[in-house]
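# Overview (structure and organization)
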Amino acid sequence: MTEYTDFHAPEGLRTRGTVLVVPGRGETRATYTRLGRRLAADAYRVRVVGAPDLDADGLSGALTRFGDRLAAAAEDAAGDEDGFVRPLALVGADTGAAAVAALLGRKGAPSAVLPDAVVLAGIPGTAAGPVGDWEDELDVRTACPAHRGTLTGDTGIRRGALDEAVPEALLSAAYGSDIGVPVLLLTGDADPLADREALAHTAKSLPRARLSVVRDAHHDVLNDMQHRSVAAEVVTFLETVRNELVPVVTVDSSAW
């Protein structure tokens, strides 16, 4: 069985970059089918990997294995002998986002996985409390009927995963990470698991970071009701990275 789920740019269009998507707690690769298709439609090569296996008693080793997996996924995504198409972006959700941040903040990350940009979505806070039963977990995750149906119908989903404690060492490493590439932080203002103060502090501490707050979005900020606008924000970020962080579109005047 394949380790990845792939989405390719439309035939005839030049691939604009490579995106590796890392799911979070309880999620499967199928969780990000809608996002993968949408980014691919804008000519990005998208590969969804499995959620990281994070061992609270052996975080260093877990991050090393995770880094090796990402490096292999990136190299294997190459369409020809010249390698994968850059810019390479890592998009992580929940603990996937925390693992990406923690990995890039440590020395010795595999050179093949060093990205040109990072999107960190829905990083949980340290004080997140219990979630409850499946219906409660769905309410925490999303208000989107389509996404709720996707989660409920996916037999690979680990229900109750959001009740699993996130290793404190992982969150400390993620929030304190010194990521040396442009970062887009995404959070929903209706996410009960988020720590907005910690996110704001992290955004201010990084040299090239943007914190985007999605109105009325829940924990699954990449897949909630606002998924079109969120995907557009991600594409705009990637296009800005391609343009050396110079915005492609600026507002000269506006009445709203």
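Placed above this text is the structure.
All of the points below concern the structure found in this document.

What counts and how
- Residues numbered from 1 in each chain as written.
- Predicted model: local features only at pLDDT ≥ 70, side-chain atom pairs only at ≥ 80, totals over all residues.
- Heavy atoms only, no water.
- Salt bridge = Lys/Arg side-chain N within 4 Å of Asp/Glu carboxyl O.
- Helix = DSSP H or I, 4+ residues; strand = E, 2+ residues; numbered from the N terminus.
- Buried < 20%, exposed > 50% of the residue type's maximum accessible area, 1.4 Å probe, protein only.
- Polar contact = N/O pair within 3.5 Å; in protein donor to acceptor, adjacent residues only side chain to side chain.
- Contact = heavy atoms within 4.5 Å.
- Axes fitted to C-alpha atoms, helices over the stretch in contact; angles between N-to-C directions.
- Left-handed = near helix turned anticlockwise from the far one by under 90°.
- Nonpolar A, V, L, I, M, F, W, Y, C, P; charged D, E, K, R; others polar.
- Pairing = 2+ DSSP bridges.

If you walk through the whole model with that rule in mind, you get 13 salt bridges. For Asp6, the salt bridge identified is with Arg47, shortest N-O distance 2.7 Å. Separated by 41 residues along the polypeptide, Asp6 in strand β1 (residues 5–7) and Arg47 in strand β3 (residues 44–48) bring together distant segments of the chain. Given a relative accessible area of 4%, Arg47 falls into the buried group. Measuring nitrogen to oxygen at the nearest pair gives 2.8 Å for the salt bridge that ties Asp94 to Arg25.

Here Glu137 shows up in helix α4 (residues 134–141). For Glu137, a relative accessible area of 1% gives the class buried. A distance of 2.7 Å separates the side chain of Glu137 from the backbone nitrogen of Gly160, its partner in a polar contact. With residues up to four places along the chain from it excluded, the contact list for Glu137 reads Val131, Arg158, Arg159, Gly160, Ala161 and Leu162.

Turning our attention to the packing of helix α3 (residues 95–104) against helix α6 (residues 168–175). Contact geometry of α3 with α6 gives a least axis separation of 7 Å together with a crossing angle of 65 degrees. In the crossing of α3 with α6, the sense of the turn from one axis to the other is left-handed. Taken together, the residues of α6 that come into contact with α3 (itself represented by Ala98, Ala99, Ala101 and Ala102) are Leu170, Leu171, Ala173 and Ala174. Class assignment for the residues of the contact of α3 with α6 results in 8 nonpolar, no polar and no charged.

Quick look at the sheet that holds strand β5 (residues 117–121) now. What the 7 strands build is an open sheet, ordered β1-β3-β2-β4-β5-β6-β7; its pairing is mixed. Each edge of the open sheet carries a strand with a single partner, namely β1 and β7 (209–214). Direction aside, neighbouring strands of the sheet carry axes that sit 15 degrees apart on average. Direction of pairing for β1 relative to β3: antiparallel, over a ladder of 3 bridges. Paired with Thr5 across the bridge in β3 is Val48. Against the sheet, helix α1 (residues 33–41) touches β1, β2 (17–22) and β3, its axis set at about 160 degrees to β3. Packing of helix α8 (residues 227–242) onto the sheet brings it into contact with β2, β3, β4 (88–93), β5, β6 (183–188) and β7, and relative to β6 it is tilted by some 170 degrees.

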